Structure formats: C-alpha cells, structure tokens
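So the chains spell out like this:
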Amino acid sequence: FERLRQGMARTRGELGDRLRQLFGGRQWSDDLYDEIEEILYEADLGGAVTEIILAELRDRVRQARPKTTDQVGTILFDILRSRLEDPADPYVLPAERPQVWVMVGVNGTGKTTTAGKFAKQFHDRGYHVILGAADTFRAAATEQLQLWGKRAGVEVIHQSPGADPAAVAFDTVRAAVARHEDLAVIDTAGRLHNKANLMQELAKIGRVVGREVPGAPHQVWLVLDATTGQNGLAQARVFQEAINITGIVLTKLDGTAKGGIAWAIQHQLGVPIRFVGVGEGVDDLMPFNPDQYVRAILG
Ligand code: GDP
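The following paragraphs examine the structure supplied in this document. Note that the coordinates shown come from a computational prediction; the quantities given were computed from them, not determined experimentally.

## Remarks on the overall build of the protein chain
Right, on to step 1. Helix and strand content of the protein chain: twelve helices and eight strands.
Right, on to step 2. Relative to its length of 299 residues, the protein chain is compact, with a C-alpha radius of gyration of 21 Å against a globular reference of 19 Å.
Right, on to step 3. When its C-alpha atoms are laid out on the principal axes, the protein chain stretches across 65 × 40 × 30 Å.
Right, on to step 4. In the protein chain, once contacts between residues fewer than 6 apart in sequence are set aside, the share between residues at least 24 apart is 76%.

In structure tokens, the structure reads:
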C-alpha cells in the first residue's frame, strides 16, 4: 500500500488535498457543490462521471441531512469507492492451460514493460510463463522483452523484425501448448496512425491464438497511460472496436495528478481496471484494489 500511496502522491496532492481542505470541519452549505464539481472535473473524472457522482451526492445529502462538511466528505468518499469495481485476485489463473494473454495499447503506454512485469510476477509465483514478441514493428520492443525474459527466467518467442505479428503469436501459443506452460503473454504493436492495419492485425492475432487454444485469448489487456487522461479514453475505443478488451492496466500513475481517470475509465469503457503501474520497477505493477486506491488518494 505504501508503494501505491507514494506512487500516487501527485493525485493525492491535487484531488485528495483539495477535497480534504474543502471537507475540513465546517458547516455544510449547498454552495459547496460547485466546488466539489470543479475539483472532480479537474482530476480528470470527466464530465459524465462527475455529473453522476454529484447527482448521487445531492440525493444522499437530501436524505441524510448532514450538518458538517466532514459528514458530506464521508458520503462522497463512499460514493467514489462504490463506483470502482472489485476485481478478483488476478494472480489466480483459471484452470484451463495455457492461459493466453494479449497486450494491446498505443505505443509508449507501457505494453512491453507490463508484459515483462507480468512474466516476472507470475514466474515468481510458481507459474510457467512464456513471452511472445509480436510487436515486430518496433525492433527495440523485442530486445526490451528479451531483457525482461532474462530477468524473469522466462523464454521469449520472437522472429525477425517486420515478421507477421500473428505468426509470432501462433509460434508462442504452439510453444506454450507443447511445453505445458501455464501462461503465454503476447506483446503487440500499437500504431494508432495506421488504424485499419492495426485492427486487422489484432483481429488476426485473436483468431490465430483461438484456433490453437480453445477460449484464447483469455485476457486482452488494454494498457492505458494515465498521463494521457481523457485522450486515452478515445484511444481505448479504437481498440475496443478491433478486439474484445477484457481488462485495463492503468500505467504511469506516478507521473500524473489525474488519477481520477480511473473513474472515467470504469464508467465509459465498462471494462474493469485490474492492474495499476506506479513506476518502472517490477514491483511497481500491482493489482488494482479499489479500497486502497481510494485511500491512497483521499485517506
Ligand atoms: P510500449 O511501447 O507500449 O510497449 O511501452 P514500453 O513498455 O516501452 O514503455 C514506455 C516507457 O514507459 C518505458 O520507459 C517504461 O519504463 C515506462 N513505463 C511503463 N510503465 C510505467 C509506469 O507505471 N510508471 C512509469 N513512470 N513509467 C512506466
């Protein structure tokens, strides 16, 4: 928790401090709604979510008739908490083996790094993991993944630069089946400027792995960079059109005061956030825990 709290210092400093100041032991007055609205909006919760939260707050204040700002603060924190979905323990893999995961997202969001962190974290928990370097567009991505593979003690399936990503994905799941791996994590490229290609490529990867392993891909992780705020949401929609996204990894929370984006993501994409990244180290990727998230910002 301390790591998360430190990683989220900037969001805590903006959203958290402003709310705590506002709610510090005064008499409640309806004039304060506007201020709350402004604070939520500026923390990148976005207009739609901010409105919904304000409406619920007004309702509950009308019913409970709190006298002090502290009481209203407690109600608001409760509402914020209830709007984040509780995920299952992401380190417990379902029974079907191998589990096949595909990493998607715009270049630079932290896909390759997250794939590497997954490999290390699951390997350290006793799972047999294999990595697939299907981001064949960016030569450095394969090298980067190999570095993570070495660090984790995990094999990396790759081909030469420019190879067909679906072919690498195919090789990876083949190897995973042959070697009885528990988990295959496949990195992909994220060239948003070439949207039609990207969509075809992702759809093809999905088909190819599904042919080799029934039910695959079991998870498609959309990696979103928290520092891009609301822009990240627009990118997310493009990926949602191409492939069925099953979970979000929200990276770089350490680099932004806009951690409020978590609420916007949950609301607008309808996909749970299951991991958050607060730095470049392997331990800086952690399961998303809504209680801790809210406490790291507001508590
Ligand atoms: P990709 O193009 O999506 O594969 O992105 P990379 O995995 O290459 O990551 C881009 C940069 O972001 C690298 O320098 C990573 O170390 C960095 N990065 C990834 N996740 C985090 C995070 O949670 N916090 C911070 N501060 N940096 C991160």
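Let's pick the thread back up.
## Some details on the environment of Val-213
Right, on to step 1. Its place among the elements puts Val-213 in the loop between helix H9 (195-212) and strand E5 (219-225).
Right, on to step 2. Sequence separation between Val-213 and Val-100 is 113 residues, and the spatial gap between their C-alpha atoms is 8.1 Å.
Right, on to step 3. The residues contacting Val-213, other than those within four sequence positions of it, are Pro-98, Val-100, Val-173, Val-177 and His-218.

## Examining the site of the ligand
Right, on to step 1. By nearness alone, 17 residues border the ligand, and Gly-108, Thr-112, Thr-113, Asp-254 and Glu-280 come closest of all.
Right, on to step 2. In this structure, an oxygen atom belonging to the ligand sits 2.6 Å away from a side-chain N or O atom of Thr-112.
Right, on to step 3. At a separation of 3.3 Å, an oxygen atom of the ligand approaches a polar backbone atom of Gly-277.
Right, on to step 4. If the ligand stood free it would expose 590 Å²; the protein chains cover 81% of that surface.
Right, on to step 5. Element by element, the count of residues in the shell around the ligand is highest for helix H6 (residues 111-124), at three residues.
Right, on to step 6. Its residues assigned to classes, the shell around the ligand comprises two nonpolar, ten polar and five charged.

How each quantity is defined
- Throughout, a residue's number is its position along its own chain's written sequence, starting from 1.
- Where local features are concerned, this predicted model is filtered to residues with pLDDT of at least 70; where side-chain atom pairs are given and counted, the filter is 80 or more; whole-chain, interface and lining totals use all residues.
- Excluded from the side-chain calculation are hydrogens and water; included are all heavy atoms of the structure.
- In this description a helix means any DSSP run of H or I spanning at least four residues, a strand means any run of E spanning at least two, and both kinds are numbered starting from the N terminus.
- Radius of gyration here uses only the C-alpha atoms, and the compact-globule reference equals 2.2 Å multiplied by the residue count raised to the power 0.38.
- Whether two residues are in contact is decided by their heavy atoms: any pair within 4.5 Å suffices.
- To be near a molecule or strand, a residue needs just one of its heavy atoms within 4 Å of it.
- Here a polar contact is recorded for every N or O atom pair within 3.5 Å, except that within protein the pair must consist of a potential hydrogen donor and a potential acceptor, and residues adjacent in sequence are included only if both atoms are side-chain atoms.
- The accessible surface values rely on the Shrake-Rupley method and a 1.4 Å probe; as for residues, cover is taken only from the protein chains in view.
- Polar here means any residue outside two lists: the nonpolar Ala, Val, Leu, Ile, Met, Phe, Trp, Tyr, Cys and Pro, and the charged Asp, Glu, Lys and Arg; Gly therefore counts as polar.

All quantities given are derived from atomic positions and should not be read as evidence of function.
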